[in-house]
Amino acid sequence: MKVNYSAQLMEESAFRHLNHLERSGYRADYDEFHSLADPIYELPEDDREAAFEKVNRLFFLERLKLGDHVLRALEAVGLIPKRRRTARKSALTQKAESGEIENQEAVEELAEHAEASEDEAQAEESETAVAEMEEDDELEIEEVSAEVSYDLAREFEERIKEVTVKRAINKVDEGSNVLNRVSGNPIIEMRVLASRFSNPEEAQELDAFLIQEFMHAKDMVDPEFDYEDAFIPGNPSVKNLITARFRLLWNMYVDSRLARMGVVSVLPKEARYREFDNFYRKIPEKQRKGIFEGLWKTEKLTHEELLSMATDLDTLMSKYVDPGEITDEDKDYIHLQGSPCPLCKFPTYNWVDDPESICDEMVIEAIQIDFPDWESRDGGCDRCIEVYELRAGVG
Ligand SMILES: [Zn+2]
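Everything numeric here is computed off the predicted structure, so don't read it as measured data.

Enquirer: Could you clarify how one ought to interpret the packing of helix α16 (residues 361-370) against helix α17 (residues 382-391) in this entry?
Expert: When two helices pack together, their arrangement is given by the angle between the helix axes and the distance between those axes. Packing of α16 against α17 leaves a shortest axis separation of 8 Å and a crossing angle of 105 degrees. Comparing their axes, α17 and α16 come out roughly perpendicular. Facing V363, A366, I367 and D370 of α16, the residues of α17 in contact are I385, Y388, E389 and R391. Among the residues forming the contact of α16 with α17, the class breakdown is 5 nonpolar, no polar and 3 charged.

Enquirer: Teacher, can you tell me more about the pairing of strand β2 (residues 162-167) here?
Expert: On a regular strand, each side chain points to the face opposite its neighbour's, so the side chains alternate between the two faces of the sheet. Pairing between strand β1 (residues 2-5) and β2: 4 bridges, direction parallel. Looking at β2, one finds that K2 is bridged to E162. For β2 and strand β4 (residues 187-192), the ladder comprises 6 bridges, and the chain directions are parallel. Residue pairing in the sheet places T164 in a bridge with E189 of β4.

Enquirer: I would appreciate a short explanation of the packing of aromatic side chains in the present structure.
Expert: For any pair of aromatic rings, geometry is given as the distance between the ring centres together with the angle between the planes. Applying the stated criterion across every chain yields a total of 13 aromatic pairs. A centroid spacing of 5.7 Å and a plane angle of 55 degrees characterise the contact between F60 and F197, whose relative ring orientation is tilted. Of this pair, F60 sits in helix α3 (residues 45-63) while F197 sits in the loop between β4 and α9 (203-221), placing them 137 residues apart in sequence. Since its relative accessible area comes to 2%, F197 is described here as buried. Seen from their ring centres, F276 and Y280 are 4.8 Å apart, and the 40 degrees between their planes marks the pair as tilted. Members of the aromatic cluster, each reached through a chain of ring pairs, are F225, Y227, F246, W250 and Y253. It is R159 that lies over the ring of F156; its NZ or CZ is 5.1 Å from the centre.

Enquirer: I would appreciate a short explanation of the nonpolar core in the present structure.
Expert: The tendency in soluble globular proteins is for nonpolar side chains to be buried as a group. Core analysis: the largest hydrophobic core is formed by 80 residues, its most contacted members being Y5, L74, F214, F276 and L295. When residues in this core are grouped by element, the largest group, 10 residues, is from helix α10 (residues 236-261). Residue-level mapping places this core at the junction of two domains, with at least three residues from each of domain 1 (2-68 + 162-217) and domain 3 (236-328). L343, C359, Y388 and A392 belong to the second largest nonpolar core, which has 14 residues in total.

Enquirer: What am I meant to see in the layout of surface pockets here?
Expert: Rolled over the atoms, a probe sized like a water molecule indicates the empty space that remains. Estimated volume of the largest pocket: approximately 1,100 Å³. Looking at the largest pocket, it is lined by 35 residues, and the ones nearest its centre are V77, G78, S149, K218 and M261. Elements that contribute at least two residues to the lining of the largest pocket include exactly α4 (67-77), α5 (83-92), α8 (139-159), α9 and α10. Broken down by element, the residue count for the lining of the largest pocket peaks at 10 residues, all from α8. Residue composition of the lining of the largest pocket, by class: 17 nonpolar, 3 polar and 15 charged. Viewed by domain, the lining of the largest pocket spans two of them, domain 2 (80-159) and domain 3 (236-328), each represented by three or more residues. For the second largest pocket, the calculated volume is near 770 Å³. If you trace the second largest pocket, you find 26 residues lining it, with E174, G175, E213, H216 and R247 closest to the centre. Residue assignment for the lining of the second largest pocket shows that the elements contributing at least two residues are β3 (175-179), α9, α10 and α13 (303-311).

Here is what the cut-offs are and how they apply
Residues numbered from 1 in each chain as written. Predicted model: local features only at pLDDT ≥ 70, side-chain atom pairs only at ≥ 80, totals over all residues. Heavy atoms only, no water. Axes fitted to C-alpha atoms, helices over the stretch in contact; angles between N-to-C directions. Helix = DSSP H or I, 4+ residues; strand = E, 2+ residues; numbered from the N terminus. Parallel < 35°, antiparallel > 145°, perpendicular 65-115°, else oblique. Contact = heavy atoms within 4.5 Å. Nonpolar A, V, L, I, M, F, W, Y, C, P; charged D, E, K, R; others polar. Pairing = 2+ DSSP bridges. Phe/Tyr/Trp six-rings, centres within 6.5 Å; stacked < 30°, edge-to-face > 60°. Buried < 20%, exposed > 50% of the residue type's maximum accessible area, 1.4 Å probe, protein only. Lys NZ or Arg CZ within 6 Å of the ring centre and 35° of its normal. Core = buried A, V, L, I, M, F, W, Y, C linked by side-chain atoms within 4.5 Å. Domains from an automatic or database assignment. 1 Å grid on protein atoms, 1.4 Å probe; cavity = no way out; pocket = protein on both sides within 12 Å on 5 of 7 lines; lining within 4 Å. Points joined across faces, edges and corners; volume = space filled by probe spheres on them.

Laid out in structure tokens, this is it:
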């Protein structure tokens, strides 16, 4: 796996970061940058771009170590092995087995993009070598599970050809995508605002953002998750709603795994519950909480499971609500946003849940002339109710 950064991202990030440092009273890096960058204006115009890029790269990767945020996020989600592990493993296996050589390559490859990593790896190597001697059997279990996640991360690292990090033009443009996913040699493309790199005090938010996005990308290349470019049926508003619910459920799946790993996410669990609550507030509270907690505890989900839960309330309920807890009949009376109105059949966002409780009896009768099987509990969209109010002459 290669990790690349676009010239625009390196330029704007380094520029913003240096300016932030300068404003905070740390001038050394800022001055050095200008001592290297300012003379470039003296060069022939054709040579300037390449010269600027070189300086920007030097500062982005080496002086300010901004690329380390990306490498750490890749490590945290298990797309590349932890550097500490790499060092430790090479310290453990003195013999030059084939795997060992690959590990060295991995170290060098990382070093290519973040020069400093080699020194760090060496420093850590001697540290761990000392620690190694003091270890006892209790650490063995930890060793084994670390070994498993190490091997898994190696698999991902080998399978993914490239991670490209580009500058996003605005917040909506931010996010990750996987190119060549089906044809092989997948490339993860990450778009991030350069402004996220400017303030060292906001590093935790930057890291959480990168981790969240790389988790999604990792799922997309994970055969067990089995991602597919699924066709979502329905008109645009239904599609948008299903897509929004799918995104929420997938984010919950990402967050809950991060929580189990002890990694800080972009949003705390309570904030996700509020989002969930907003989409599913028509489900009685007890069941709603049960579904959320059930989802949160689920360790493995596939793309198909998430999508079918987002599309259809029954799938979600049958997975996380005990059959005895709520009857099928009661389920029918949950009017979720986007479910069709029983009268006009259009996806409905503004439900009148129980018209009987707010309308004149004549309105109910007028509806039942057209729909003899309809009961007030079936509800209707606000427009239909309005139409029948007019028809009954009470509007
Ligand atoms: Zn209607």
